[in-house]
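Tertiary structure, described
Letter by letter, the chains look like this.
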4 protein chains.
Amino acid sequence: MTKTIICVMGPGEQAKARDLQNAYELGCLIAQEGWILLTGGRNAGVMDAANQGAKSADGLTLGILPGCDRNNISNYVDIAIFTDMGSARNNINVLSSNVVIACGMGAGTASEIALAIKGNKPVILLTDDRESQAFFKKLSPDNVYIVESAVDAIAIAKSLVK
Amino acid sequence: MTKTIICVMGPGEQAKARDLQNAYELGCLIAQEGWILLTGGRNAGVMDAANQGAKSADGLTLGILPGCDRNNISNYVDIAIFTDMGSARNNINVLSSNVVIACGMGAGTASEIALAIKGNKPVILLTDDRESQAFFKKLSPDNVYIVESAVDAIAIAKSLVK
Amino acid sequence: MTKTIICVMGPGEQAKARDLQNAYELGCLIAQEGWILLTGGRNAGVMDAANQGAKSADGLTLGILPGCDRNNISNYVDIAIFTDMGSARNNINVLSSNVVIACGMGAGTASEIALAIKGNKPVILLTDDRESQAFFKKLSPDNVYIVESAVDAIAIAKSLVK
Amino acid sequence: MTKTIICVMGPGEQAKARDLQNAYELGCLIAQEGWILLTGGRNAGVMDAANQGAKSADGLTLGILPGCDRNNISNYVDIAIFTDMGSARNNINVLSSNVVIACGMGAGTASEIALAIKGNKPVILLTDDRESQAFFKKLSPDNVYIVESAVDAIAIAKSLVK
């Protein structure tokens, strides 16, 4: 029986302060549920904050990295997977997750959301970006959930992984 | 000196009649410019129509396929590349193209647009989907172009590959 | 600080009885060292036996699968990564491992050994196939180790991950 | 109807003089058959020499590159596919080819041969490396052909693509 994996994705260097706070809280809550946190694994932005949050709650963290260089890993990643396939690794991130949570918005994040929808994975959007909400909700009305807080995101994730 | 490659992407089985007409016309115009047409290569929707258009004008067509099965190829693909990596091949499509043209909208198409923006590739949107226009234009104001016709798409592509 | 990951690879359906015994023992010894076991994740051959061995010693097991189908996973995999990229995932397996142990021989195994050598990863061969020993040892005299038992393989792995 | 694609692979920077001569001749003969030449696309070793040979005979050349950087392309590649997935692109090379010809030997070349065998593609070995001949012939007696010259390699390829 494999463990439940929840992906938290979001901007790296361009993450906003609020995205980082949400990411930290998401990581913490995911760990408290006993789920594994999966991120893009780099030591930047939402990835790094989510991993830090998960480790603050003694969670297990999995980073799926775009390169093969150990220097770019978040200090809070336990298990590092080196894909050396750049943004194409985004598809692995979503296929390996039971639920995908987008925390903030950017081009890489948008690609992961779209790939998740394509792969029939549920996506939870935690962002105040109205255009992305309108676009992705229209693209997949049944599989996209819009939330206002990390707590709400986890509540929906719990209902989905049951 | 490598040849200019223009990617036309769009829905497969869910393509609308107007998307198919635009795709055929795009393929035809791309071939007339002497450019290579790159698509996802399957015998469905926008991919198939664009390839048919390009062959009607004696163009060269390149299909980057998600699987490794010869049965799913468009009859109008000259050169088939079998990736066997599913939707992750979308990143190869955009990285290999000088300009990316999205004809219609769907989850796979959205992932390619987002990956193109991430990879700093210019993207031309030929769709009447207003939410996607608003979202992607906001995501990358300088690299996303919104057009109303295949002719306009090619005019912009010409200015970009000069 | 990321955890040490040791890859055990080998034939799936064509594995020999001795390969399966070695794989089980390798999995067990890897878990006893506190290392994570990484395999190709399928419920067949060396992959399955190594995972079973690791779980018998309360280890943590990571399966990097070629597809995206939950039906093919070894029952002894804790964390399943779905790549949906077929044999190209072999490169991820070796890049993510500190040491690669080949247990038995076959085409997939040979590709992983060669990719490991290409990626400058140490490779330990536990097989009685003389032609593969001669070939890979010549290909990379300094990075390929030939052993006769699981215990010897682990002894070398310990010296390499220090 | 897609065009016939023949892959020539071999060492990059470590190629021997004889490998380069064979690669040039292979490229030339492949072009004369009207086949497309597929290589790893870099401006080094066997890849570069094969592409140069094919262009000397007015062939069409396809390069499947490991990165996404235009600076490393062979000057004799017509169509460049940028995978940005490192050595994992070797699987694409072999899956997209009707026949795979290995010209010389090295770790990358060995991984492509093994992946070709795994993918049920015929492989022709043009190398004087006896250990690789013994190993791969044993691994796949029916799908591996050992030849002494470029002319012999093409004769076998012709019999296989009929």
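Just above sits the structure.
Below: a short report on this structure. (Residues numbered from 1 in each chain as written. Chains lettered and ligands numbered in written order. Predicted model: local features only at pLDDT ≥ 70, side-chain atom pairs only at ≥ 80, totals over all residues. Heavy atoms only, no water.)

**A few points about the overall build of chain A**
On a plain count of helices and strands, chain A comes out with six helices and seven strands. Mapped from its N terminus to its C terminus, chain A presents α and β elements in the order β-α-β-α-β-β-α-β-α-β-α-β-α. The C-alpha radius of gyration of chain A comes to 14 Å, within 12% of the 15 Å expected for a compact globule of 162 residues. With 162 residues in all, chain A has 63% of them scored as buried. Taking contacts inside chain A between residues at least 6 apart in sequence as the whole, the part at least 24 apart equals 58%. Of the roughly 5800 Å² of accessible surface on chain A, 45% is carried by carbon and sulfur atoms. (Helix = DSSP H or I, 4+ residues; strand = E, 2+ residues; numbered from the N terminus. Rg over C-alpha atoms; globule rule 2.2 N^0.38 Å. Buried < 20%, exposed > 50% of the residue type's maximum accessible area, 1.4 Å probe, protein only. Contact = heavy atoms within 4.5 Å. Areas by Shrake-Rupley, 256 points an atom, 1.4 Å probe, with all protein chains shown as cover.)

**Some thoughts on the pattern of salt bridges**
According to the stated counting rule, one finds 20 salt bridges over all chains in the structure shown. One salt bridge connects Glu13 of chain D with Arg42 of chain D, and the closest N-O pair in it is separated by 3.0 Å. Linking Glu13 of chain D in the loop between strand E1 (5-9) and helix H1 (17-32) with Arg42 of chain D in the loop between strand E2 (36-39) and helix H2 (45-56), this pair joins segments that are 29 residues apart in sequence. On the basis of relative accessible area, Glu13 of chain D is assigned to the exposed category, the value being 56%. Linked by salt bridges that have partners in common, Asp129 and Glu131 of chain A together with Lys138 of chain B make up one network. (Salt bridge = Lys/Arg side-chain N within 4 Å of Asp/Glu carboxyl O.)

**A few points about the relation of the copies chain C and chain A**
Once chain C is rotated about the relating axis by 180° and shifted along it by 0.0 Å, it coincides with chain A to within an RMSD of 0.0 Å. The two molecules are tied by a two-fold rotation axis, judged by turn and shift. When the interface residues of chain C are mapped onto chain A, 100% of them are again interface residues, pointing to one common binding face. (Least-squares fit on C-alpha atoms with pLDDT ≥ 70 in both.)

**Side note on the sheet that holds strand E2 (residues 36-39) of chain C**
Residue and element names in this part refer to chain C. Pairing is parallel across the open sheet formed by seven strands, whose spatial order is E4-E3-E2-E1-E5-E6-E7. Pairing within the sheet leaves two strands with one partner each, and these edge strands are strand E4 (79-82) and strand E7 (144-147). Strand-to-strand twist in this sheet, taken as the mean axis angle between neighbours without regard to direction, amounts to 20°. Packed onto the sheet, helix H2 (residues 45-56) meets strand E1 (5-9), E2, strand E3 (61-65) and strand E5 (99-103) and runs at close to 165° relative to E2. (Pairing = 2+ DSSP bridges. Axes fitted to C-alpha atoms, helices over the stretch in contact; angles between N-to-C directions.)

**Some points on the interface of chain C and chain A**
Across the boundary between the two partners, chain C contributes 25 residues, which contact 25 residues of chain A. Where chain C touches chain A, the interface holds zero salt bridges. Connecting chain C to chain A are six residue pairs in polar contact (both at pLDDT 80 or more). Of all the secondary structure elements, the ones that give two or more residues to the side of chain C that touches chain A are E3, E4 and helix H3 (89-95) of chain C. Tallying contributions element by element places E4 of chain C first for the side of chain C that touches chain A, with four residues. Its residues placed into classes, the side of chain C that touches chain A shows 16 nonpolar, five polar and four charged. (Polar contact = N/O pair within 3.5 Å; in protein donor to acceptor, adjacent residues only side chain to side chain. Nonpolar A, V, L, I, M, F, W, Y, C, P; charged D, E, K, R; others polar.)

**Looking at the environment of Glu112 of chain A**
All names here are of chain A. If you trace the backbone, Glu112 turns up in helix H4 (residues 107-118). Residue Glu112 is classed as buried on the basis of its relative accessible area, which comes to 6%. Distance in space between the C-alpha atoms of Glu112 and Ala80 is 19 Å, their sequence separation being 32 residues. Not counting residues up to four positions away in its chain, the partners in contact with Glu112 are Met9, Asn90, Asn93 and Val94.

**Some remarks on the sheet that holds strand E2 (residues 36-39) of chain B**
Residues and elements named next belong to chain B. Taken in spatial order, the seven strands of this open sheet run E4-E3-E2-E1-E5-E6-E7, and their pairing is parallel. Two strands bound the open sheet, and with one partner strand each, they are strand E4 (79-82) and strand E7 (144-147). Taking the axes of each pair of neighbouring strands and ignoring which way they run, one obtains an average angle of 20° across the sheet. Both strand E5 (residues 99-103) and strand E6 (residues 123-126) contribute to a ladder of four bridges, which runs parallel.

**Overview of the pairing of strand E4 (residues 79-82) of chain D**
Residues and elements named next belong to chain D. Residues Ile79 and Ile81 of E4 are buried on one face, and the alternating residues Ala80 and Phe82, pointing to the opposite face, are buried as well. As paired elements, strand E3 (residues 61-65) and E4 share four bridges and run parallel to each other. When the sheet's bridge partners are listed, Leu65 is paired in E4 with Phe82.

**Considering helix H1 (residues 17-32) of chain C**
All names here are of chain C. Helix length check: H1 (16 residues) gives 23 Å between terminal C-alpha atoms against 22 Å at 1.5 Å per residue, within 8%. Taken as a whole, H1 has its buried residues at Asp19, Asn22, Ala23, Leu26, Gly27, Cys28, Leu29, Ile30 and Ala31. Looking at the residues trailing H1, positive phi occurs at Gly34, about 85°. (Expected span 1.5 Å × (residues − 1).)

**Some thoughts on the packing of aromatic side chains**
The tally for this structure, following the rule as stated, stands at 10 aromatic pairs over all chains. With a centroid separation of 4.9 Å and 55° between ring planes, the pair formed by Phe135 of chain B and Phe136 of chain B is classed as tilted. Judged by its relative accessible area of 1%, Phe136 of chain B is buried. Ring geometry for Phe135 of chain C versus Phe136 of chain D: centroids 5.2 Å apart, planes at 70°, classification edge-to-face. With Phe135 of chain C in helix H5 (residues 130-139) and Phe136 of chain D in helix H5 (residues 130-139), this pair bridges two chains. By the burial criterion, Phe135 of chain C is buried, and Phe136 of chain D matches it. Among the aromatic side chains, those forming a connected cluster through ring pairs are Phe135 and Phe136 of chain A together with Phe135 and Phe136 of chain B. (Phe/Tyr/Trp six-rings, centres within 6.5 Å; stacked < 30°, edge-to-face > 60°.)

**So, the packing of helix H1 (residues 17-32) of chain A against helix H2 (residues 45-56) of chain A**
Residues and elements named next belong to chain A. Close contact between H1 and H2 brings their axes to 6 Å; oriented N to C, the two are set at 35°. In terms of crossing hand, the pair formed by H1 and H2 is right-handed. Only Gly45, Val46, Ala49, Ala50, Gln52, Gly53, Ala54 and Ser56 of H2 make contact with H1, whose side of the interface consists of Asp19, Leu20, Ala23, Tyr24, Gly27, Cys28 and Ala31. (Left-handed = near helix turned anticlockwise from the far one by under 90°.)

**Digging into the side chain of Ser111 of chain C**
For Ser111 of chain C, the position within the fold is in helix H4 (residues 107-118). For Ser111 of chain C, a relative accessible area of 0% translates into the label buried. Among the polar contacts made by the side chain of Ser111 of chain C, one reaches the side chain of Asn90 of chain C at a distance of 2.9 Å. If we ignore the near neighbours within four places in the chain, the residues touching Ser111 of chain C are Asn90 of chain C together with Ser111, Ala114 and Leu115 of chain D.

**Here's the deal with the state of the cysteines**
Applying the stated criterion across every chain yields a total of zero disulfides over all chains. Left without a disulfide partner, Cys7 of chain B is nearest to the cysteine sulfur of Cys103 of chain B, which lies 11 Å away. No disulfide involves Cys68 of chain C; its nearest neighbouring cysteine sulfur is the one of Cys68 of chain B, lying 13 Å away. (Disulfide = S-S within 2.5 Å.)

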